[in-house]
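Residues per chain are reported as follows:
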Amino acid sequence: MSQIITAETGLSGTPDQVDPVTFEVLRSLFDYAAARMSSILQRSSFSQILADNVDFSNAIYDAELRLLAQAANCPVHLAAMHFSAKALAAKFDIERLEEGDILVVNDPYNGGTHINDLTFMMPIMHKGRRIAFAVSRGHWMDLGGGAAGGLAGSNHVAAEGLRVPPLKIFRAGKPNEDVFDILLANSRTPQFIRGDLQAHLGALRGAEREMQRAAERYGTDLLLAAMRQLIAYTERISRKGIEAIPDGVYEAEDWADTDGQTDDPVKVKVTIKVEGSDITVDFEGSDRAVVGAINSPVANTAAAVYYALQFFVGPDAPANAGMFAPIRIVLPDDCWLNAKWPMPVVNCTCITAGKVAAAVWQALAKAIPGQIIAPTFADANWFMATVTTNSGTTLFTDILSGGWGGTPFHDGMSVTMDPLGNCLNTPAESAELMHRIVYERFDLLQDSGGAGRNRGGLGSAFEVRFLGHGTLGIETSRTRSGSPGVNGGDTSPAQRMLRIGPKKSQVIGGLAADGSWKNPISGTHAFAPGEVFRFEATGGGGWGNPLERDPAAVLDDVLDEYVSREAANSQYGVVLSADGLRLDPQATAARRAELSRERRNPHA
Amino acid sequence: MWRVGVDVGGTFTDLFAWHEGTGERRTCKVLTTKNDRSEGVLAVIADAGIPLAGMSVLVHGTTTATNALIERSYPEAALVTTEGFRDVLEIGRMHREFLYRPYQTKPSPLIRRRHRFTVDERLSAQGETVRPLDVGAARAVAGRIAATPIRSIAVCFINSYVTSRHERAMCDILQDAMPDADVVCSGDLRPVFREHGRFTTAAIAACLMPVMRDYFDQLERRLADGGFGGRLLILKSNGGMMSARFARHHPEELIESGPAGGVAYAAHLCRSTGFRDILHTDVGGTSFDTSILPGGEPLVTRQYELEWDVPVMVPMLDIRSVGAGGGSVAWVDDGGSLRVGPRSAGSEPGPACYGRGGTEATVTDANLLLGRLHPSLGGKFALDVAAARRAVQTVADAMGMSLLEAAEGIVRIGCETMAHAVKAAISSRGRDPRDFVLASFGGAGPMHACFVAQALSIPRVVVPAYAGVASAFGATAMDIRHDIEAFHYSPVSSADPARIEAILAGLQAEGHARLAADGITPDRMRFIRSAQMRYVGQTYEITVPLPEGGALDAAGLERLGSEFHETHRIEYGVASDDFFPEIVSLGVAAIGVTTRLPDTAAAVVNGDASRGTRPVYFDGHWHDVSVHDGEVMGVGTDLSGPAIIEYAHAIAVMPPGATGRIDRDRNLIVTLA
């Protein structure tokens, strides 16, 4: 049995009714309204993960709940939010919603992804008529569960925090205090709850104001016609993009290192079938559901497919429901990518979405090798930690980005949030002001990018020292091997994490010096006062044969210490003069010839 | 003696001057001399017939700093930072500019990694020493830099916003090793928290110091050689001026100072016209700049980014820019939609009608075909109508529109893009555009102003008399201004008013000293005090003015709290007594009031303003439109649209239905239907 997910909008072939000039005007107005929501939410929110890390997303939906416009936040949220919207609409008749009603949901098995991401939805009314919806999703710092931030690494969703089924949290502008009270009573960080709610409310109202003004000025009928036309327009661009991909069947695999409960890798198998302007993404052959917390609800798996394809189908098209319309997704019933209650899911948005997207890119590499970019580190390396001293416990979080893969045109970006999100790091000075910790390091990690004609961007090294007793939960992967290269590019080194004490340092996740592998996924890595948590995030995969890289670029990389002199020699075949400041062209040519013979896979 | 404003833009160098004795006014425009911009400054003064020895004040705005940064064309600089934080400039905040674009790169770091050095040292967030500065390592780093030609160095340590004592020790070691070096201490330059913004700002200052010193040296030498004995003042990013001497040490305050002159002109208009809330808009060849002046005061932001993820932590005028101007290119996208900008044909090759090889349709080409621009451009320039027609026809064919439909559509979409920038400037501050009067600056501004206003339902437009040389005019209408701030963290409920007063007094003393050094006497000094505030638990601050007059007391603190709630409501649409306000930092704006242009329009010459009629296309039809010479139009003249008003350096377009009147300062006040 398989589940098939389609996203027809019912709008394809909508005739152009709005004059082209007004159409363009309204298109940018919708974008502006969504961007305005994000600006309000970031600047007025209270928890670190919203204000500093910007782990949230905002969008406008049309009156029939089709995505209309979104702000440039987290793709894994954005492409999943319409599942939440649909789940809310299924419970609350949208025809009967009133102005000022706000609905909320996070239920992983009913439109949500992981517990942490709460989605708020508000109808936007004009003169008694529903013209749109504002939808705002935020990752909340903590909603209870077996470990801080829900990162329990357990075998049951109950350990991941409070499940919120579709609820009405504001009725005609009045808060439902009962819901507030339940949220407040179930969080490790109740101090953020009311403030973050206020920030989401500000964002929703910001969108409402903009859309109502537009309806006032252009009239509701014209506004709604422009919405339909915009969605059809994006579908047109997306279909053109798909038509540019040669018809065919393309397969690839990628792996999560572990579900946290066993040491077995977990497989994503993807088969992409391109036929004209339609695309089917089938996960038949992927592993069955797993015990640990990497199972992915439908909304999350579908979101990963959507955003991964978007990069190569219509990256600059207005982002709306039209981009999903040509895409059909097939999910086996018993599959870790099709989670059912009570499977734990907390790591799905990062570990699982990242691997699904990386597998999609690797399949596309076979279809459009000249256009594809190599996979990224394909994760968020998101951690939540508590630090406890005599004066109490505080909770902090960060996202430890690695690098992006090399592209056909240039090296990959170093230390940039994975395609799945667009979050910001936690500034050291912000973290230290609030918590008894010292940020000791967040810098580029030498030799961490996959070698290639265009190399992968570099990953990072991160260190935090606990001044009290620390407990840390983390989701991560790529700890057995790094980001794969494409077109003959190399794989980047594996990620790993360490506990560094005054006397000894110890690998607590990934490959140790003796070759043994430690399971990194746990909600309870413990740190004594003074001990340091170190994380090494990997870079992106390499693009093309590294022996074809311009030696001058390799020299520059060595001078900037992006690449060590040893790696220049062993990976790129570039030999430098004794002082390390110049190339040795003769020795380089000889070394490259030697390495070329050794390379098992000559360049494509 | 003459008071002279000169603004050096990307394409033109503009001058506005007025004579302190006779009140005579002069304007002039020359092409910017790109290799040595000071040459153009001298040229425009000479062209205006003003003797260098006859100038009492020269106020100068320049894009030299911004250009050097964007092109990374400055001598290589070095960074010395805390071990573990070598790559703050390069990592930035880790986010990307384009959500789904596979081929994107981040801005290249201001200072290359090979020139970024680390030393062991550490301060806590409370300013305590966690690890002292490793002096041996510090000296070794100084030695390594001294062995290179690099002589601009930024010192950026973690938590130096609390105290810069480690940074200062490092600076001393560097200065000992290289007495000729420019060394910038981040905590002293801008004691703001969150390392990325502070480090970047210090790096910018270090990179620009040699560039701006060379530039000002050259300019001062040329001026002195010509007999200039007056004062040279420089426009800065916050909408004020500073002495050239100070500017050499604070080049980070020169970034984006270009549009500051226009904003000063807008503030001048608030005073002279009596309009309270003015919206400033400035249209150039490639970009559209806009800001608001509620109550006649420009807004200042601390969230400016030079490029993606390159923040400049200097109080700057809150000006929004979009890529929309006369040179914006019209194109048809993959989905068959007509788009305008953000790409511009620039000044080379420029719009198709410039006849310099441009083949793409631009907003200027469209205006020409619609008859809004005259092909002879007032006799200055011959525009190529056939080339413009060919270019716009290509777009029209792709869209299945007629030539004129396409031309009118291009102008309208360009104006709508401008309108969105206005909305971003206004509504992110929670205000309504309809409460403002739109003032239009720049050579191409008044041609589009009425359409931008219509898109925003703004009923009234002001075309200022010197719109075409707005920044140069504004430069002569500006005050000296220094924004100084100090970190001070305290919830309002437990704040100590005496402590706050002491900090503010220190800031004010510093401001007093800087103004005195600029030659400002105490009777011309003004001090505006403000606090950066947020709710306890929030991360971002908003600026709240501190009550004026008298020392802060308990009642004043309470007022400050309620003022914060209200400001938060205006900015974000929500506020609540459930949360407690806190202060994060304190600031003083030290203002030196300068001599103003006399209000009387003594130099105005009235004459025969009629230039006949010509056909102009509006709303799908040709209209027979009267054309006027804006330079000699009499005070009190009434106009009715459609009309074209041609000035020496600008052209205004009044659409059908609009009415206008020339006020006593010869600004054109338009009321839209």
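How each quantity is defined
Note that residues are indexed from 1 along each chain, following the sequence as it is written. Numbering of ligands from 1 and lettering of chains from A proceed in the order in which they are written. Selection of residues for local features in this predicted model requires a pLDDT of at least 70, selection of side-chain atom pairs for listing and counting requires 80 or more, and totals for whole chains, interfaces and linings are taken over all residues. Numbering of helices and strands runs from the N terminus, with a helix taken as a DSSP run of H or I at least four residues long and a strand as a DSSP run of E at least two residues long. Only C-alpha atoms enter the radius of gyration, while the globule expectation follows 2.2 Å times N to the 0.38, with N the number of residues. The burial label depends on the number of other C-beta atoms within 10 Å of a residue's C-beta. Counts of 20 or more mean buried, 12 or fewer mean exposed, and intermediate counts mean partly exposed, with C-beta atoms placed from the backbone. Each residue is represented by a C-beta atom placed from its backbone, and any two residues with such atoms within 7 Å are regarded as in contact. Just so you know, the domain bounds were taken from an automatic or database domain assignment. All amino acids are sorted into three groups, where Ala, Val, Leu, Ile, Met, Phe, Trp, Tyr, Cys and Pro are nonpolar, Asp, Glu, Lys and Arg are charged, and the leftover types, Gly among them, are polar. For two strands to pair, DSSP has to find at least two bridges joining them. Linking buried Ala, Val, Leu, Ile, Met, Phe, Trp, Tyr and Cys residues through C-beta atoms within 7 Å yields a set, and such a set is a nonpolar core. Working convention: axes come from line fits to C-alpha atoms, limited for helices to the stretch in contact. Angles between N-to-C directions cover 0 to 180 degrees. The pLDDT value tells you how sure the predictor is about a given residue, anywhere from 0 up to 100. The span you would expect from a helix comes to 1.5 Å times its residue count less one. Reported orientations rely on four angle classes, namely roughly parallel under 35 degrees, roughly antiparallel over 145, roughly perpendicular from 65 to 115, and oblique for the rest. Note on convention: the crossing is left-handed when the near helix lies turned anticlockwise from the far helix by less than a right angle, right-handed when the turn is clockwise.

Draft legend 1. View of the overall build of chain B. For chain B, the helix and strand inventory stands at 16 helices and 34 strands. Computed over the C-alpha atoms, the radius of gyration of chain B is 26 Å, within 12% of the 26 Å expected from 2.2 N^0.38 for a compact globule of 673 residues. Oriented by its inertia axes, the alpha-carbon framework of chain B measures out at about 80 × 60 × 55 Å. A buried classification covers 55% of the 673 residues belonging to chain B. For chain B, the share of sequence-separated contacts (at least 6 apart) that also reach a separation of at least 24 residues comes to 67%.

Draft legend 2. Focus on the overall build of chain A. Per the secondary structure count, chain A includes 13 helices and 22 strands. The C-alpha atoms of chain A give a radius of gyration of 24 Å, which matches the 25 Å a tight globule of 604 residues would have. Expressed as lengths along the three principal axes of its C-alpha atoms, the size of chain A is roughly 80 × 65 × 45 Å. By residue count, 65% of the 604 residues in chain A fall in the buried class. Sequence-distant contacts, at least 24 apart, represent 74% of the contacts inside chain A between residues at least 6 apart.

Draft legend 3. Region of interest: the domain arrangement of chain B. Residues and elements named next belong to chain B. Partitioning chain B into domains gives domain 1 (2–69 + 212–254), domain 2 (73–208), domain 3 (260–314 + 434–474), domain 4 (328–414), domain 5 (480–592) and domain 6 (610–671). Computed from C-alpha coordinates alone, the two centres of domain 1 and domain 5 are separated by 33 Å. Listed per partner, the contact involves nine residues of domain 1 and eight residues of domain 5. The set of elements that each furnish at least two residues to the side of domain 1 that touches domain 5 consists of β11 (231–235) and β12 (241–243). Here the element with the most residues in the side of domain 1 that touches domain 5 is β12; it accounts for three residues. Residues that form the side of domain 1 that touches domain 5 fall into these classes: four nonpolar, four polar and one charged.

Draft legend 4. The pairing of strand β17 (residues 469–474) of chain A, seen in detail. Residue and element names in this part refer to chain A. With five of six residues buried, β17 is to be regarded as a mostly interior element. Bridging between strand β13 (residues 382–389) and β17 involves six bridges; their strand directions are antiparallel. By the bridge assignment for β17, T386 is matched with T471. Relative to strand β21 (residues 522–527), β17 is paired through four bridges, and the arrangement is antiparallel.

Draft legend 5. Up close: helix α4 (residues 81–91) of chain A. For α4(A), the tally of buried residues reaches eight of 11 residues, placing the bulk of the element in the interior. Among all positions in α4(A), only A:M81, A:H82, A:F83, A:S84, A:A85, A:A87, A:L88 and A:A89 are buried.

Draft legend 6. A look at the sheet that holds strand β2 (residues 56–62) of chain A. Residues and elements named next belong to chain A. The strand order across the open sheet built from seven strands is β3-β2-β6-β5-β4-β7-β8, with neighbouring strands paired in antiparallel fashion. Two strands close off the open sheet at either side, each with one partner strand: β3 (67–70) and β8 (174–175). As paired strands, strand β4 (residues 102–105) and strand β5 (residues 117–126) are joined by three bridges and run antiparallel to one another. By the bridge assignment for β5, L103 is matched with M121.

Draft legend 7. Structural context of the domain arrangement of chain A. Residue and element names in this part refer to chain A. Domain parsing of chain A yields domain 1 (14–233), domain 2 (373–544) and domain 3 (547–598). For domain 2 versus domain 3, the separation of C-alpha centres amounts to 28 Å. Each side of the interface is counted separately: domain 2 has eight residues, and domain 3 has nine residues. Broken down by class, the residue content of the side of domain 2 that touches domain 3 amounts to three nonpolar, two polar and three charged.

Draft legend 8. Structural view of the nonpolar core. Ranked by size, the top nonpolar core spans 418 residues in total, and within it A:I60, A:V360 and B:A203 carry the most contacts. Of all the elements, helix α7 (residues 195–225) of chain B adds the most residues to this core, at 15 residues. In this structure, A:I60 is in contact with A:F30, A:A33, A:A34, A:L68, A:A69, A:A132, A:A134, A:A207 and A:M211, ignoring residues within four places of it in sequence.

Draft legend 9. Spatial organisation of the packing of helix α6 (residues 193–218) of chain A against helix α7 (residues 220–243) of chain A. Residues and elements named next belong to chain A. As a packed pair, α6 and α7 sit with axes 6 Å apart at the nearest point and diverge in direction by 115°. For the pair formed by α6 and α7, the contact residues are A214, A215 and Y218 on the first element and T220, L222 and L223 on the second. Here the contact of α6 with α7 is built from residues that sort into five nonpolar, one polar and no charged.

Draft legend 10. Broad picture of the interface of chain B and chain A. With 56 residues of chain B at the contact, the number on the chain A side is 68 residues. Among the elements that line the side of chain B that touches chain A, the one with the most residues is helix α12 (residues 403–427) of chain B, at eight residues. Here the side of chain B that touches chain A is composed, by residue class, of 20 nonpolar, 18 polar and 18 charged.

Draft legend 11. Region of the structure containing the confidence of the model for chain B. Overall, the predicted model of chain B reaches an average pLDDT of 91, with 97% of residues at or above 70. Note on the complex model: pTM 0.92, ipTM 0.95.

Draft legend 12. Quick look at α7(A). For α7(A), with 24 residues, the first-to-last C-alpha span of 35 Å sits near the 34 Å given by 1.5 Å per residue. Burial analysis of α7(A) places 18 of its 24 residues in the buried class, which makes it a mostly covered element.

Draft legend 13. Examining the sheet that holds strand β31 (residues 643–646) of chain B more closely. Residues and elements named next belong to chain B. The four strands are arranged β28-β29-β31-β32 in an open sheet whose pairing can be described as mixed. The two strands at the open ends of the sheet, each matched to only one other strand, are β28 (610–618) and β32 (651–654). Put simply, the sheet's adjacent strands are angled 25° from each other on average, direction ignored.

Draft legend 14. Main features of the environment of A:V575. Note on placement: A:V575 falls in the loop between α12 (565–572) and α13 (585–598). The class of A:V575 is buried, set by 20 C-beta atoms lying within 10 Å.

Draft legend 15. Inspection of the pairing of strand β7 (residues 167–171) of chain A at higher detail. Residues and elements named next belong to chain A. Relative to β7, β4 runs antiparallel, the two being bridged by three bridges. From the neighbouring strand, I102 faces β7, where its bridge partner is F170. Relative to β8, β7 is paired through two bridges, and the arrangement is antiparallel. By the bridge assignment, R171 is partnered in β8 with K174. The antiparallel pairing of β7 with β8 creates a hairpin that spans two residues between the two strands, and A172 there sits at a positive phi of about 50°.

Draft legend 16. Quick peek at unusual backbone geometry. Going from B:G341 to B:P342, the amide bond is cis rather than trans, its omega being 0°. Along the chain, B:P342 turns up in strand β21 (residues 338–344). Cis geometry is adopted by the peptide bond preceding B:P642, which originates at B:G641 and carries an omega value of 5°. The backbone of A:D447 shows a phi angle near 65°, a positive value even though the residue is not glycine. Mapped onto the secondary structure, A:D447 falls in the loop between β15 (437–444) and β16 (460–466). A tally of 20 C-beta atoms within 10 Å means that A:D447 is categorised as buried. Even without a glycine there, the phi angle at B:S457 is positive, about 55°. One can find B:S457 in the loop between α13 (445–455) and β23 (460–463). Judged by the 14 C-beta atoms lying within 10 Å of it, B:S457 falls in the partly exposed class.

Draft legend 17. Structural view of the environment of B:P598. Residues and elements named next belong to chain B. Relative to the helices and strands, P598 is located in the loop between β27 (581–592) and β28. Take P598: there are 11 C-beta atoms within 10 Å of it, and that puts it in the exposed class. In this structure, the C-alpha to C-alpha distance between P598 and G23, residues 575 residues apart in sequence, is 7.2 Å.

Draft legend 18. Seen up close, the environment of A:M1. Residue and element names in this part refer to chain A. Relative to the elements of secondary structure, M1 occurs in the segment before β1 (2–5). You can call M1 exposed: it has 6 C-beta atoms within 10 Å. Sequence separation of M1 and D556 is 555 residues, and the distance between their C-alpha atoms is 54 Å.

Draft legend 19. Up close: the packing of helix α1 (residues 37–47) of chain B against α7(B). All names here are of chain B. One way to put it is that α1 packs onto α7 with a least axis distance of 9 Å and a crossing angle of 30°. As the angle between them shows, α1 and α7 are arranged roughly parallel. Here α1 and α7 pass one another in a crossing that is right-handed. Touching S38, V41 and L42 of α1 are Y215, Q218, L219 and R222, all from α7. Tallied by class, the residues present in the contact of α1 with α7 amount to four nonpolar, two polar and one charged.

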